[in-house]
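Coordinate analysis (summary)
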Amino acid sequence: MNTSLFEFYCPVKIISGALALSSLPYEMRSAGVTRAMVVTDAGVKGAGLISILENAFDGSGCDIGCIYDETPPDSAHTTVNRVAQLYREHNCDCFVAVGGGSCIDTAKAANIVISEDTDDLMKFRGADRLTKPTRPLFVAPTTAGTGSEVTLVAVINNTEAGVKMAFTSPRLCPTAAFIDPRMTLTCPPKITAATGMDALTHAIEAYYCLQKNPISDSLALTAIRLIMRSLIKCVENGKDENARLDMANGALAAGMAFSNSMVGVVHALAHATGGICHVPHGVANAILLPFGMENNLDMRAGVIAELAPHLCSVPAQGGDAQRAQAAIQAVRDLTAKLNKLCGLPLKLSDAGVTRDKLEAIAKASINDGALTYNPEHVTAADALRILEQAF
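Below: a short report on this structure.

Our next topic: the overall build of the chain. Along the backbone of the chain there are 15 helices and 9 strands. When the backbone C-alpha atoms are referred to their principal axes, the chain occupies close to 60 × 45 × 40 Å. Split into buried and exposed, the 391 residues of the chain put 58% on the buried side. Restricting the contact set of the chain to residue pairs at least 6 apart, pairs at least 24 apart contribute 78%. Summing over all exposed atoms, the chain offers an accessible surface of approximately 15200 Å²; the carbon and sulfur share of this is 51%.

This paragraph deals with helix α9 (residues 265–277). The end-to-end C-alpha distance of α9 is 18 Å, a good match for the 18 Å that 13 residues give at a rise of 1.5 Å each. Of all 13 residues that make up α9, 12 are buried, and the element is covered over most of its length. Of all the residues in α9, the buried ones are Val265, Val266, His267, Ala268, Leu269, Ala270, His271, Ala272, Thr273, Gly274, Gly275 and Cys277. Buried positions along α9 lie against β7 (153–158), β8 (163–168), α6 (189–208), α10 (281–295), α14 (358–365) and α15 (380–390). In the segment just after α9, His278 is the residue with positive phi, at about 60°.

Moving on, we come to unusual backbone geometry. Phi at Leu19 is positive, roughly 65°, even though this residue is not glycine. In this structure, Leu19 sits in the loop between β1 (13–16) and α1 (24–30). Take Leu19: its relative accessible area is 52%, and that puts it in the exposed class. Even without being glycine, Asp128 reaches a positive phi, approximately 55°. For Asp128, the position within the fold is in the loop between β5 (126–127) and β6 (137–141).

Another aspect to go through is the pattern of salt bridges. Any two side chains of opposite charge can pair, given that their charged atoms come close. Here the structure, examined in full by the defined rule, presents 10 salt bridges. One salt bridge connects Asp69 with Lys45, and the closest N-O pair in it is separated by 3.1 Å. Here Asp69, found in the loop between β3 (63–68) and α4 (77–89), pairs with Lys45, found in helix α2 (residues 42–46); they are 24 residues apart in sequence, far enough to count as distant. Relative accessible area serves as the criterion here: at 18%, Asp69 is assigned to the buried category. Where Lys363 meets Glu359, a salt bridge forms, and the shortest distance between an N and an O atom there is 3.4 Å. In this pair, Lys363 and Glu359 both sit in helix α14, 4 residues apart, roughly one turn of the helix.

Across all of its chains, the model carries 1 cavity of 30 Å³ or more by this definition. Space inside the largest cavity adds up to approximately 50 Å³. In this structure, the largest cavity is lined by Thr142, Thr143, Ala144, Thr184, Cys187, Thr192, Thr195, Gly196, Arg244 and Met247. For the lining of the largest cavity, the element with the most residues is α6, which contributes 3 residues. Its residues assigned to classes, the lining of the largest cavity shows 3 nonpolar, 6 polar and 1 charged.

Here the focus is the layout of surface pockets. Roughly 250 Å³ of volume is contained in the second largest pocket. Lining the second largest pocket are 14 residues, with Met228, Leu311, Cys312, Ser313 and Ala330 positioned closest to its centre. Examining the composition of the lining of the second largest pocket, we find that 6 residues originate from one element, helix α13 (residues 320–342), more than from any other. For the lining of the second largest pocket, a count of residues per class yields 10 nonpolar, 2 polar and 2 charged.

Attention now goes to the packing of helix α7 (residues 214–236) against α13. Any two packed helices are characterised by the angle at which their axes cross and by the distance between the axes. The N-to-C vectors of α7 and α13 enclose an angle of 10°; their axes lie 10 Å apart at closest approach. Viewed along their axes, α7 and α13 adopt a mutual orientation that is roughly parallel. Note on packing geometry: the crossing formed by α7 with α13 is right-handed. Between α7 and α13, the contacting residues are Met228, Leu231, Ile232, Val235 and Glu236 on the first element and Leu334, Lys337, Leu338, Leu341 and Cys342 on the second. Here the contact of α7 with α13 is composed, by residue class, of 8 nonpolar, no polar and 2 charged.

The 6 strands lie next to each other as β1-β9-β6-β4-β2-β3, forming an open sheet whose pairing is parallel. This sheet does not close on itself; its edge strands, each paired only once, are β1 and β3. Taking each pair of neighbouring strands and ignoring which way they run, the sheet shows an average axis angle of 20°. With 5 bridges connecting them, strand β4 (residues 94–99) and β6 associate as parallel partners. Residue pairing in the sheet places Phe95 in a bridge with Leu137 of β6.

About the criteria used
The written sequence of each chain sets the order in which its residues are numbered from 1. Totals for whole chains, interfaces and linings use every residue, but because this is a predicted model, local features are given only for residues with pLDDT of at least 70 and side-chain atom pairs only at 80 or more, for both listing and counting. Each side-chain value is worked out from all heavy atoms of the structure, with water and hydrogens disregarded. Helix and strand labels come from DSSP, where a helix needs a run of H or I of at least four residues and a strand needs a run of E of at least two; each type is numbered from the N terminus. Residue burial is assigned from relative accessible area. The probe radius is 1.4 Å, only protein chains are included, and a residue is buried under 20% of its type maximum, exposed over 50%, and partly exposed in between. By definition in these notes, contact holds between two residues if any of their heavy atoms fall within 4.5 Å. All accessible-area figures derive from a Shrake-Rupley calculation using a 1.4 Å probe, and residue coverage is judged against the displayed protein chains alone. Here the expected length of a helix is defined as 1.5 Å per residue gap, with one fewer gap than residues. The salt bridge criterion pairs a side-chain nitrogen of Lys or Arg with a carboxyl oxygen of Asp or Glu, the two atoms within 4 Å. Cavities and pockets were defined on a 1 Å grid built from protein atoms only: a cavity is a group of points that admits a 1.4 Å probe but offers it no way out, a pocket is an open group of points flanked by protein on both sides within 12 Å along at least five of seven lines, and a lining residue is one with an atom within 4 Å of any such point. Grid points are joined across faces, edges and corners, and a volume is the space filled by probe spheres set on the points. Classification used: nonpolar for Ala, Val, Leu, Ile, Met, Phe, Trp, Tyr, Cys and Pro, charged for Asp, Glu, Lys and Arg, polar for all others including Gly. Every axis in this analysis is a line fitted to C-alpha atoms, fitted for helices over the stretch in contact. Angles between the N-to-C directions lie between 0 and 180 degrees. Each angle gets one of four labels, with under 35 degrees taken as roughly parallel, over 145 as roughly antiparallel, 65 to 115 as roughly perpendicular, and the rest as oblique. Helix crossings are classified by the rotation of the near helix relative to the far one: an anticlockwise turn of less than a right angle makes the crossing left-handed, while a clockwise turn makes it right-handed. Only when DSSP finds a minimum of two bridges between them are two strands counted as paired.

Take a look at the structure:
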C-alpha cells in the first residue's frame, strides 16, 4: 500500500464530554450567528432531549428561530425542502441538528438548498458540486453510529426514484460537533445496536478500503477498540454514561476515518437495500458486514488479519488467512450476541427483504459511489451473490 501521498481533511471542531452541548451558544456567537433552525425528529423531542438544547440557550443572547421535529428515519428531498422553507420564513442564520444521521443529513442538505439559493437539490447530487459557502451547522448526535457529525457526506432518500442520493463536499462538514453523553442515554437497545454496528462498519471498511492512510488507520482502530469495549454495555444498560461516551467517541472517530479513506461494498449494498426495501442503514450494515469482509479476502486478507487483535476476545492464531477469518467470525459473534440481547436481525430476510428484491438491490448497488473505493472489483453478479449469502 503506497501511502507516500494522501489527503486527510476534518475541519470540524469537536467538543466532547459531560455537558458539552452547553457551549453551543458560545460556538454560535464565535461563528457570527445567533438564530438557529433546529432539525430533529419526534423521537428526540419525545425523549425530552430538546429541553437540554433549550436550556443551553437560556440567557445566552442566542435563540431558536424554529424547530422542525418531523424528520423521518430515511429523510427525503421533500423533507429537505420543507426545512429550507422554514429556515427562510423564520429568518434563521444557522442550522442545529439534534438527532441521528437522518436529522444531520437533512440539515446538511437543507444547507445546500439555502446556500446555493436553489429549489432543485438534485442538481448538486454527487461529489464537489457545491459552489458557494454554506451556513454554519452545529450538530449534537443522539445516536452513536453514522459519524455524520464529522463527515463531508449527506445521504438523502429520493422516494420517487427509490434510491438514496449521496452529496459529497468539504462544504458539508459541520462547524462544530457536540458529543454529549446526555443526548444518547435514551436511545433504545435495538437502535443502539444498529447504530453501533454502523459505526463498526465505517471503521472496518475504512481500514481496508483503497484510500486508507496512517491517520485514518489510527482513527479506525481507535473506533474499533471503543466500540468493542462498550457496545454490548450500552445495549445492556443504556444509562451507562461512560459506555455511551465511548460509543459516541467511537462513532466520531470512525466517521473521521471513513470520510477520508471511504467505504466499500458493504455500504454500497446497504444504501441500495435501504433505498429499495427501507431497511435501516445500521441494520443493513450489521447483516452485510461479514459477507463484505469475506468478499475482500483475496485482495485484503493481510489487512483484515490486522484487525483480529482488536476484534477478537482471544488472540487469533495462524497466518493471514486464519487471522482474517477469526476477525470475520468475531463480527458474526458480536451480531449474534446483539440479536439475543435486542433482536437485531442477522439476515436480510429477518429485516423484511424478500428474495424477489435481491436482483434490484444488486443492480442499484453497482451504481453506488462507495464501490469506487472497494479493493475488489464488484459486478452485479458479485453483488447478487453477496446478497444471497446474507439472505
